[in-house]
There are 2 protein chains.
Amino acid sequence: MSLLVTGSIGLDTVETPTGRREGIIGGSAIYFSYAASFFSPVRLVGVVGDDCPPDFFNIFNGRQVDLGGLEVRKGSKTFRWHGSYLKDMNEAVTVKVDLNVLAEQAPRIPPAFRDSRDVFLANTHPVLQQRMIDCLTGAKLIVADTMNLWIQTERPELLKLLGRIHGLVLNDGEARMLTGEKNLVAAAREVLKLGPNFVVVKKGEHGCMMCYEGGIFVLPAFPTAQVIDPTGAGDSFAGGMMGYLATQDSWSPATIKRALAFGTILASFTISDFSLAGLQRATRAQIDQRCAEFKEAMSF
Amino acid sequence: MSLLVTGSIGLDTVETPTGRREGIIGGSAIYFSYAASFFSPVRLVGVVGDDCPPDFFNIFNGRQVDLGGLEVRKGSKTFRWHGSYLKDMNEAVTVKVDLNVLAEQAPRIPPAFRDSRDVFLANTHPVLQQRMIDCLTGAKLIVADTMNLWIQTERPELLKLLGRIHGLVLNDGEARMLTGEKNLVAAAREVLKLGPNFVVVKKGEHGCMMCYEGGIFVLPAFPTAQVIDPTGAGDSFAGGMMGYLATQDSWSPATIKRALAFGTILASFTISDFSLAGLQRATRAQIDQRCAEFKEAMSF
């Protein structure tokens, strides 16, 4: 029951057709941790600069998120991202990105975190992801995310990473890019040959697909009439998934399927408002209720 | 148990990354009838020219498709469509279209067909669709398809049609165009306000969504590693759906949901080969088997 996440922490500026927010809390590790903490304690590993507002992490007050791996680096600046969904709610256009502290040395994993059983390596350079694995000697389930940049520029290192993880989470375009297969089912099957025991392909508003040696699992997205801000949906999805898996004793396909359903539900809360506001309003009872509605919306 | 379909019958030329076929049998009424005939007898209403190959309709030999509403018009030419999927397997580019006989007078519905209980009006001019309804005085379930062209150019007539049908089937882009709503759930709900009791939004490789007064139903597509030719997928989907509904005594949401699952499965057979070859290889037992696999691929 020890889930660790490494990923970005940032100050986001987001524009959507319904509004604009500046300097709001964001980053993969933030969304992931909040979503996962509905199910399991979470150990967060990440780094910010000393420009980070002091009340930034109050968001985790009262939640089972251990900030022992959070580094506030003197003289550095926090990662900033400015994205726009004005053109397309399904794909952010990056207006501006300042890597800042993320371009410096990676945060260290505290010794007390090194026995973590479940690990999620949010998207970052595959060499860094491998270094994290080197430290996490107690890990039994390692799942990683990646992105088009590394597929294009760091393929050899990415392939090494794929040989060392149990699950890969990526989006549909990335799965196609990684394998050269246009058909998504074929692409997912090709990913399995590169190492992971299972691959989860995120399709945004169209749901997700999970491929494993013995078969395939498909899920639509939770049907939502209003999307306010899609930022963090994929990381919340991963958080819901890993948070649930961290409470389980085995990772059978049936277990992973339930985990993906929870991931889908957590993402649906995230997109209902800016930043973490949607997740902050959610309760575990509401999550279970929405999961039951989701099941009903697919049953025939 | 009397299902009638009116729609196009054509000679298609199709190009996909896996090959090219010329002068193959196609058209909405053809795909629909073949798919529906796995469940229910079908009455086909359509028109071809006298250039139509004499063995064209042998395809229905031994199947429960009544060709009493098929007109072979002297001196006219059969509808021809040339489409290409070389650029995108999910969207046909029309290379050439010759409406020919479809630009002339519509086929008549034979008196013996006028008591049909279930009716599917495949995509054509909404004025023609309404004229069909005028003749079909025994119809209890009328479902129609439409297209972007009529949404843009014949909105008043289309709106009249929507007030006279029970179900509308259209694709995601058309639902957005018809309602001005970008979000698909919101768009589907807006369609309901225009008249139909239920609306089915087809999303191609991403499955479908059905909206009705009391709720929503979402289904992914059947996961397939190889798509040979997507032509006719939507019409086969409608055929499977209506064929199943024609065997039922009521049209509760639960019944329509099962019908949509069958539609999804029929479409998966169609896209596995050119023209009707995929459907021709299917058996009812295989359809039921694949439907069970589909259910399994979504269960959590």
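What you see is a predicted model; the values in this text were computed from it and never measured.

Criteria and cut-off values
- Residues numbered from 1 in each chain as written.
- Chains lettered and ligands numbered in written order.
- Predicted model: local features only at pLDDT ≥ 70, side-chain atom pairs only at ≥ 80, totals over all residues.
- Heavy atoms only, no water.
- Helix = DSSP H or I, 4+ residues; strand = E, 2+ residues; numbered from the N terminus.
- Rg over C-alpha atoms; globule rule 2.2 N^0.38 Å.
- Buried < 20%, exposed > 50% of the residue type's maximum accessible area, 1.4 Å probe, protein only.
- Lys, Arg positive; Asp, Glu negative; His and termini not counted.
- Charge placed at Lys NZ, Arg CZ, Asp CG, Glu CD.
- Axes fitted to C-alpha atoms, helices over the stretch in contact; angles between N-to-C directions.
- Parallel < 35°, antiparallel > 145°, perpendicular 65-115°, else oblique.
- Left-handed = near helix turned anticlockwise from the far one by under 90°.
- Contact = heavy atoms within 4.5 Å.
- Nonpolar A, V, L, I, M, F, W, Y, C, P; charged D, E, K, R; others polar.
- Buried area = accessible area lost by both parts, 1.4 Å probe.
- Salt bridge = Lys/Arg side-chain N within 4 Å of Asp/Glu carboxyl O.
- Polar contact = N/O pair within 3.5 Å; in protein donor to acceptor, adjacent residues only side chain to side chain.
- Least-squares fit on C-alpha atoms with pLDDT ≥ 70 in both.
- pLDDT = per-residue confidence, 0-100.
- Patch = residues over 30% accessible without salt bridge, like charges linked within 9 Å, V, L, I, M, F, W, Y side chains within 5 Å.
- Areas by Shrake-Rupley, 256 points an atom, 1.4 Å probe, with all protein chains shown as cover.
- Disulfide = S-S within 2.5 Å.

With that out of the way, let us pick up the overall build of chain A. Looking only at helices and strands, chain A has 10 helices and 13 strands in total. Computed over C-alpha atoms, the radius of gyration of chain A comes to 18 Å, within 12% of the 19 Å expected from 2.2 N^0.38 for 300 residues, which places it in the range of a compact globule. Across the 300 residues of chain A, 58% fall into the buried class. Between the mean site of the 30 positive side-chain charges and the mean site of the 31 negative ones, chain A shows a separation of 3 Å.

All names here are of chain B. Contact pair helix H8 (residues 253–270) / helix H10 (residues 284–296): the axes reach a minimum separation of 10 Å and the direction vectors enclose 115 degrees. The angle between H8 and H10 places the two elements in the roughly perpendicular class. Both H8 and H10 take part in a crossing whose hand is right-handed. In this structure, H8 uses Ala-261, Phe-262, Thr-264, Ile-265, Leu-266, Ser-268 and Phe-269 to contact H10, whose residues at the interface are Arg-284, Gln-286, Ile-287, Asp-288, Arg-290, Cys-291 and Phe-294. Here the residues of the contact of H8 with H10 are counted per class, giving 8 nonpolar, 3 polar and 3 charged.

In this section: the interface of chain A and chain B. On the chain B side, the residues contacting the 32 residues of chain A number 32 residues. Counting the surface lost from both chain A and chain B, the interface buries some 2,600 Å², and carbon and sulfur atoms represent 60% of this. For the chain A face of the interface with chain B, the top three residues by lost area are A:His206, A:Val218 and A:Phe300, together amounting to 28%. Here chain A and chain B share 4 salt bridges between them. Between A:Lys257 and B:Glu296 there is a salt bridge, and its shortest N-O distance comes to 3.8 Å.

With that settled, consider helix H6 (residues 184–193) of chain A. Residue and element names in this part refer to chain A. The buried fraction of H6 amounts to 7 of the 10 residues, a majority that puts the element mostly inside the structure. Those residues of H6 lying buried are Leu-184, Val-185, Ala-186, Ala-187, Ala-188, Val-191 and Leu-192. In this structure, the buried residues of H6 make contact with strand S10 (167–171), helix H5 (172–179), strand S11 (198–202), strand S12 (208–212) and strand S13 (215–219). One side-chain oxygen at the N-terminal end of H6 lies 2.9 Å from the backbone nitrogen of Val-185; it belongs to Asn-183. Phi turns positive, to about 140 degrees, at Gly-195, one or two residues after H6.

It is worth spelling out helix H1 (residues 28–36) of chain B at this point. Counted residue by residue, H1(B) has 9 buried out of 9 residues, so it is predominantly covered. Those residues of H1(B) lying buried are B:Ser28, B:Ala29, B:Ile30, B:Tyr31, B:Phe32, B:Ser33, B:Tyr34, B:Ala35 and B:Ala36.

When chain A is fitted to chain B, the residual RMSD is 0.0 Å, and the transformation amounts to a turn of 180 degrees plus an axial shift of 0.0 Å. What the rotation and shift describe, once combined, is the action of a two-fold rotation axis. A shared interface surface links the copies, since 100% of the contact residues of chain A are contact residues in chain B too.

Okay, the confidence of the model for chain A next. Taken residue by residue, chain A gives an average pLDDT of 96. The fraction at 70 or more is 100%. Taken together, the chains of this predicted complex give a pTM of 0.93 and an interface ipTM of 0.89.

Let us now look at a nonpolar patch on the surface. Together, A:Val97, A:Leu99 and A:Leu102 make up an exposed nonpolar region whose accessible area comes to about 230 Å². According to the relative accessible area criterion, A:Leu102 is partly exposed, its value standing at 30%.

Moving on, we come to the pattern of salt bridges. In total, this model carries 32 salt bridges over all chains according to the counting rule given. Residue B:Arg20 is joined to B:Glu22 by a salt bridge in which the shortest nitrogen-to-oxygen separation is 3.2 Å. By relative accessible area, B:Arg20 is classed as partly exposed at 41%. B:Asp273 serves as the salt-bridge partner of B:Arg281, at 3.0 Å between the closest nitrogen and oxygen. Ionic contacts of the salt-bridge type, sharing partners, join the residues A:Glu15, A:Arg20 and A:Glu22 into one network.

The next point concerns the state of the cysteines. Residues and elements named next belong to chain A. Here the structure, examined in full by the defined rule, presents 0 disulfides over all chains. Free of any disulfide, Cys-208 has its nearest cysteine sulfur in Cys-291, 12 Å distant. Judged by its relative accessible area of 2%, Cys-208 falls in the buried class.

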